[in-house]
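Inside the fold
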Amino acid sequence: MKVADLVQKYGLSVFTKNVVLDKKIEGGYVSDLLSDVMGNARENEVWITLQTHRNVAAIASLKDLAAVILVKELVPDQDTLEHCESEEIPLLGTSLSTFEMAGKLWSDLNR
Amino acid sequence: MVTELHFLIHGGDFTKTGSASSKVKKTLKSLNIEPKQIKRIVVAIYEAEINVTAHASEGVMNVTISEHEIKVTITDKGPGIENIEKAMEAGYSTASKEVREMGFGAGMGLPNIKKNTDELEISSVPGQGTTVRFKCYFDKI
């Protein structure tokens, strides 16, 4: 499943405007503790979080994540968005809760 | 060939965190260092950056990349660490409420550094500051 497929299937908002969505998703990670993500998330996973500040972009880039999904209709800070654009990390949004979004992604990746 | 990088870290300024790790990551890539090595080095450097930003007033990071290893020294001016052994425990944190609200301060920084490096040395003078030194060997994973 590619990032674009996930966007289409769940009607995700796409905050970044110039980032391609063709990365293949290899898993997901749920955490709002940044050191937990730094220590445990893996390349090409989709990170689902409610943190909206710029370090989300820095971490997603350092860990080569496939995309970041902000839940509960949260919007990113302006500098988060800019940093995702420059680091080419798709920054997405959903109205779903973390539980629902993670459940759906898990199900899609494990069929 | 030896590559040296120097970074100034401003305490309390979370808008720049990750910039040192990002620069080191790009440099290691350009030197054709193995991706597995880059992954673990980046975690250690980022956590070290965050520690200075979260706790100290300022810090300096020196990175030396040679053929077989990367050596990193971070020295800060700050509160120092009262009990280094305790600080190494996963989950133990002295971070402020503001820092925790951002999702930092879970007490995983030093454990993450230890897990991702081959040598780690921490020295501190409470009330003055802390120096963290670590090394990763390129032929070791």
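1. Concerning the overall build of chain A
- A tally of regular secondary structure across chain A gives 5 helices and 5 strands.
- The order of helices and strands in chain A, counted from the N terminus, is α-β-β-α-β-α-β-α-β-α.
- Compactness check: chain A gives a C-alpha radius of gyration of 12 Å against a globular reference of 13 Å for 111 residues, within 12% of the reference.
- Principal axes of the C-alpha set define a box for chain A whose edges measure 35 × 30 × 25 Å.

2. Section: the sheet that holds strand S4 (residues 119-125) of chain B
Residue and element names in this part refer to chain B.
- Pairing is antiparallel in the open sheet, where 5 strands are placed in the order S1-S2-S3-S5-S4. At either end of the open sheet lies a strand with only one pairing partner, and these are strand S1 (3-10) and S4. On average, each strand axis in the sheet is tilted by 10° relative to the strand beside it, whichever way the strands run.
- Two elements, strand S3 (residues 69-77) and strand S5 (residues 129-137), share 7 bridges in a ladder whose sense is antiparallel. Within S5, the residue paired with Ile70 across the bridge is Cys136.
- Along the sheet, helix H1 (residues 19-30) contacts S1 and strand S2 (58-65); its crossing angle with S1, the most-contacted strand, is approximately 165°.
- Each of S1, S2, S3 and S5 touches helix H2 (residues 35-55); the most contacted strand, S3, lies at about 5° to it.

3. As for the pairing of strand S2 (residues 27-30) of chain A
All names here are of chain A.
- Of the two faces of S2, only one is covered, namely that formed by Gly28 and Val30; the face formed by Gly27 and Tyr29 stays uncovered.
- In the sheet, S2 pairs with strand S3 (residues 45-49) via 4 bridges, with the strands oriented parallel. Bridging from a neighbouring strand, Val30 pairs with Ile48 of S3.
- For the handedness criterion, the β-α-β arrangement of S2, helix H2 (residues 34-40) and S3 is classed as right-handed.

4. Re the nonpolar core
- Counting residues in each nonpolar core, the largest one holds 59 residues, and the members touching the most others are A:Leu65, A:Ala67, A:Val68, A:Ile69, B:Ile41, B:Ile45 and B:Ala48.
- Not counting chain neighbours up to four residues away, the residues in contact with B:Ala48 comprise B:Met61, B:Val72, B:Ile74, B:Ile113 and B:Val132.

5. Some details on the pairing of S4(B)
- Direction of pairing for S4(B) relative to S5(B): antiparallel, over a ladder of 7 bridges. Bridging across to S5(B), B:Glu119 finds its partner in B:Lys135.

6. Describing the sheet that holds strand S4 (residues 67-70) of chain A
Residues and elements named next belong to chain A.
- The strand order S1-S5-S4-S3-S2 describes an open sheet built from 5 strands, whose pairing is mixed. Each having just a single partner strand, strand S1 (13-14) and S2 make up the two edges of the open sheet.
- Pairing of S1 with strand S5 (residues 91-93), which is carried by 2 bridges, proceeds in the antiparallel orientation. Looking across to S5, one finds that Val14 is bridged to Leu92.

7. Things to note about helix H4 (residues 78-87) of chain A
Residue and element names in this part refer to chain A.
- Looking at H4, one finds that the buried residues are Thr80, His83 and Cys84. Viewed end-on, H4 has its buried residues packed into an arc of 100°, placing them on one side of the element.
- For H4, the secondary structure elements touched by its buried residues are helix H3 (55-62) and S5.
- Two residues or fewer past H4, Glu88 is found with a positive phi of approximately 60°.

8. Quick notes on the packing of H3(A) against H4(A)
All names here are of chain A.
- At their nearest, the axes of H3 and H4 sit 8 Å apart, and the two run at 20° to each other. Relative to H4, the element H3 is oriented roughly parallel. Classified by chirality, the crossing of H4 by H3 is right-handed. Judged by residue contacts, Val56, Ala57, Ala58 and Ser61 of H3 engage Thr80, His83, Cys84 and Glu87 from H4.
- Here the residues of the contact of H3 with H4 sort into 4 nonpolar, 3 polar and 1 charged.

9. Looking at the environment of A:Thr49
Residue and element names in this part refer to chain A.
- Residue placement: Thr49 occurs in strand S3.
- On the neighbour-count criterion, Thr49 (22 C-beta atoms within 10 Å) is buried.
- In this structure the C-alpha to C-alpha distance between Thr49 and Leu91, which are 42 residues apart in sequence, comes to 11 Å.
- Among residues more than four places away in sequence, those in contact with Thr49 are Ser31, Asp32, Val56, Val68 and Leu70.

10. Concerning the interface of chain B and chain A
- Contacts between the two partners involve 18 residues from chain B, matched on the other side by 15 residues from chain A.
- Those elements that provide at least two residues to the side of chain B that touches chain A are H1, H2 and helix H5 (109-115) of chain B.
- In terms of residues, the side of chain B that touches chain A owes the most to one element, H2(B), which gives 4 residues.
- Here the side of chain B that touches chain A is composed, by residue class, of 8 nonpolar, 8 polar and 2 charged.

Criteria and cut-off values
- Residues numbered from 1 in each chain as written.
- Chains lettered and ligands numbered in written order.
- Predicted model: local features only at pLDDT ≥ 70, side-chain atom pairs only at ≥ 80, totals over all residues.
- Helix = DSSP H or I, 4+ residues; strand = E, 2+ residues; numbered from the N terminus.
- Rg over C-alpha atoms; globule rule 2.2 N^0.38 Å.
- Pairing = 2+ DSSP bridges.
- Axes fitted to C-alpha atoms, helices over the stretch in contact; angles between N-to-C directions.
- Contact = placed C-beta atoms within 7 Å.
- Buried ≥ 20, exposed ≤ 12 C-beta atoms within 10 Å, placed from the backbone.
- Right-handed = clockwise from strand over helix to strand, strands pointing away.
- Core = buried A, V, L, I, M, F, W, Y, C linked by C-beta atoms within 7 Å.
- Arc of directions from axis to C-beta.
- Parallel < 35°, antiparallel > 145°, perpendicular 65-115°, else oblique.
- Left-handed = near helix turned anticlockwise from the far one by under 90°.
- Nonpolar A, V, L, I, M, F, W, Y, C, P; charged D, E, K, R; others polar.

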